[in-house]
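Analysis of the macromolecular model
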Amino acid sequence: MGMKARELGFPFNERCGKWNAITDVAGVEVGFSTIIEGEATPDTTPESDFARTGVTCILPRGHRTSAVFAGRADLNGNGELTGTHWVDDSGFLHGPILITNTNSVGITRDTASKWMLDNDYFYPMRDADGKPIPGYGFFYPVVGETYDGLLNNINGFRVKPEHVLEALDSAASGPVAEGNVGGGTGMRCHGFKGGTGTASRIVKTEAGEFTVGVLVQANHGKREEMNVFGIPLGKEVEGAEAITKRLSPKEGDGSMIAVVATDAPLLPWQLAKLARRAGLGMNQLGSGNGSNSGDIFIAFSTANDGAFNDVITQVTLLGDVQLDPIFHAATDATAEAIMNALVNAEDMVGRNGNALFAIPHDEIHRILEKYKSFLDEAWKPEEK
């Protein structure tokens, strides 16, 4: 399923799960639909029309109806994440999370609602006798977006219902594809080809061991500001300069959607704080200051199964004094997820001959060797 940034030599030394992915949180499933239509070169005429987009799906408890506690946060709000007013008010996430391009939020949300109805993936309304009424309920899928109009014919509305259904129906546990997949297909990050990335952390607390997983759609950041473990990576990389013709967005404009999952028993206000830590992960790599960026995050907990019901229920709460390592895990996993998106991305040419290039792995090896002494001293693993 590709290569992780730590395998290239970046010192992400914290312990991760089996897949180093959001699916290390038991029950979480991820699916994709990737849409690549039309062959392009940098000499492609301005009238050319290509699709470089897709849909990403996260099911918090897999294909099993079960609301989860959730919270969300904004770093900068130039973006969309549907359904979150109810998350804010109720503290629950009732449906899937999907990520796509800016102009495809509507069809993605509507198709996901129909999928929830067809698959009984919702809590039904009840009649006066307390019996469920078939086909009646609330459908609040959460759909986020980032802008892929540099490579994708975003105004062509190329995401169709069948693509959304493919992402939903293909969701599975296990390893997760990264780079040019799903909603991340046409994205750029720190001036390079960006996309989908994921990572996880295993956290020890006095209350026990928990897992934190993050999935990002990375479409943000300036190249010149990219800094990884103290290395000015964006300035050090030679070549891989983007080709932009008719459309050349302001450097640094863009967005990131981050989904944070955990099996720690956190309640909504704690999850809102956890979601905010994704912004610190962006900042670790030198981003998060764009006024035109839509950096929006949501976090959920798979603990407290059955907490959503119509009667009194008891839930488990992890004390706030235990949250520091979980917050740190979310921050660090977000940074690694962004790097995983970058190192798994591949060169892509799209509409109007615009082209984005992946960070060359040989350049990464050269730069890491150049800074080897610094990294060995500053970021050597702690003795366990």
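Computed from a predicted model, the values in this text were never measured in an experiment. Here the residue index of a chain counts from 1 through its sequence in written order. Two thresholds apply to this predicted model, a pLDDT of at least 70 for residue-level local features and 80 or more for giving and counting side-chain atom pairs, whereas whole-chain, interface and lining totals are computed over all residues. Side-chain measures were taken over the full set of non-hydrogen atoms in the model, leaving aside hydrogen atoms and water.

Right, let's get into the overall build of the protein. A run of H or I in DSSP becomes a helix once it reaches four residues, and a run of E becomes a strand once it reaches two; helices and strands are each numbered from the N terminus. Assigned secondary structure in the protein consists of 8 helices and 16 strands. Only the C-alpha atoms count toward the radius of gyration. The rule for a globule is 2.2 Å times the residue count to the power 0.38. Against the compact-globule benchmark of 21 Å for 384 residues, the protein has a radius of gyration of 20 Å, which places it among compact chains. Principal-axis analysis of the C-alpha atoms gives the protein an extent of 70 × 55 × 35 Å. Burial here depends on accessible area, computed with a 1.4 Å probe over protein chains only, as a share of the maximum for the residue type. Under 20% is buried, over 50% is exposed, and the range in between is partly exposed. Each of the 384 residues in the protein was classed as buried or not, and the buried ones make up 57%. Methods summary: accessible areas were calculated by the Shrake-Rupley approach with a probe of 1.4 Å, and residue burial reflects only the protein chains presented. Surface accessibility of the protein: about 15900 Å² in total, with carbon and sulfur atoms responsible for 50%. The charged-residue count follows a simple rule in which Lys and Arg add positive charge and Asp and Glu add negative charge, with His and chain termini not counted at all. Here the site of a charge means NZ on Lys, CZ on Arg, CG on Asp, or CD on Glu. Charge separation in the protein, taken as the distance between the mean sites of 33 positive and 50 negative side-chain charges, equals 1 Å.

Only residues whose relative accessible area exceeds 30% and that form no salt bridge enter a patch; like-charged residues are grouped when within 9 Å of one another, and nonpolar side chains (Val, Leu, Ile, Met, Phe, Trp, Tyr) when within 5 Å. By convention in these notes, a salt bridge is any Lys or Arg side-chain nitrogen within 4 Å of a carboxyl oxygen on Asp or Glu. Among the surface-exposed residues, Trp 86, Met 125, Tyr 136, Phe 138 and Tyr 140 lie close enough to one another that they form a single nonpolar patch of about 530 Å² accessible area. Relative accessible area serves as the criterion here: at 33%, Tyr 140 is assigned to the partly exposed category.

With that settled, consider the packing of helix H5 (residues 268–284) against helix H6 (residues 324–344). Axis lines are fitted to C-alpha atoms, over the contacting stretch for helices. Their N-to-C directions set the angle, which ranges from 0 to 180 degrees. Viewed as axis vectors pointing N to C, H5 and H6 meet at an angle of 45°, and their least axial separation amounts to 7 Å. Compared by their axis directions, H5 and H6 come out oblique. Crossing handedness for the pair H5 and H6: right-handed. Packed against H5, whose contacting residues are Gln 270, Lys 273, Leu 274, Arg 277, Ala 278, Leu 280, Gly 281, Met 282 and Gln 284, the element H6 presents Ile 326, Phe 327, Ala 330, Thr 331, Asp 332, Thr 334, Ala 335 and Ile 338 at the interface. For this classification, the nonpolar set comprises Ala, Val, Leu, Ile, Met, Phe, Trp, Tyr, Cys and Pro, the charged set comprises Asp, Glu, Lys and Arg, and every other residue, Gly included, is treated as polar. Grouping the constituent residues of the contact of H5 with H6 by class yields 9 nonpolar, 5 polar and 3 charged. Note on terminology: angles under 35 degrees are roughly parallel, angles over 145 are roughly antiparallel, angles of 65 to 115 are roughly perpendicular, and the others are oblique. Should the near helix be turned counterclockwise from the far one by less than a right angle, the crossing is left-handed, whereas a clockwise turn marks it as right-handed. The contact definition used throughout considers only heavy atoms, calling two residues in contact when any of these lie within 4.5 Å.

In this section: the packing of helix H2 (residues 105–118) against helix H3 (residues 161–170). For the pair H2 and H3, the least separation of the axes is 9 Å and the interaxial angle reads 55°. Here H2 lies oblique to H3, going by the angle between them. When the axes of H2 and H3 are compared, the crossing they make is right-handed. On H3, the residues that touch Ile 107, Thr 108, Thr 111, Ala 112 and Trp 115 of H2 are Pro 161, Val 164, Leu 165, Leu 168 and Asp 169.

This part covers the sheet that holds strand S2 (residues 51–59). Ordered in space as S1-S2-S5-S8, the 4 strands form an open sheet in which the pairing is mixed. Every interior strand has two partners, whereas the edge strands, strand S1 (29–37) and strand S8 (142–146), have only one. Neighbouring strand axes in the sheet, compared pairwise and without regard to direction, differ in orientation by 15° on average. In this analysis, strands are considered paired if DSSP registers two or more bridges between them. Across 3 bridges, S2 lies against strand S5 (residues 97–101) in antiparallel orientation. Residue Thr 56 lies in a different strand from S5, and its bridge partner there is Ile 99. Where H2 meets the sheet, it contacts S2, S5 and S8, and its direction lies at approximately 150° from that of S5. Packed onto the sheet, H3 meets S1, S2 and S5 and runs at close to 150° relative to S1.

In this section: the pairing of strand S14 (residues 294–301). When a strand is regular, its side chains alternate between the sheet's two faces. A large share of S14 lies buried, amounting to 8 of its 8 residues. Two strands pair when backbone bridges link them, and strand S3 (residues 68–77) and S14 are joined in this way by 8 bridges, in the antiparallel orientation. Paired with Asp 74 across the strands is Ile 296, a residue of S14.

Just distances and angles here, no functional claims.
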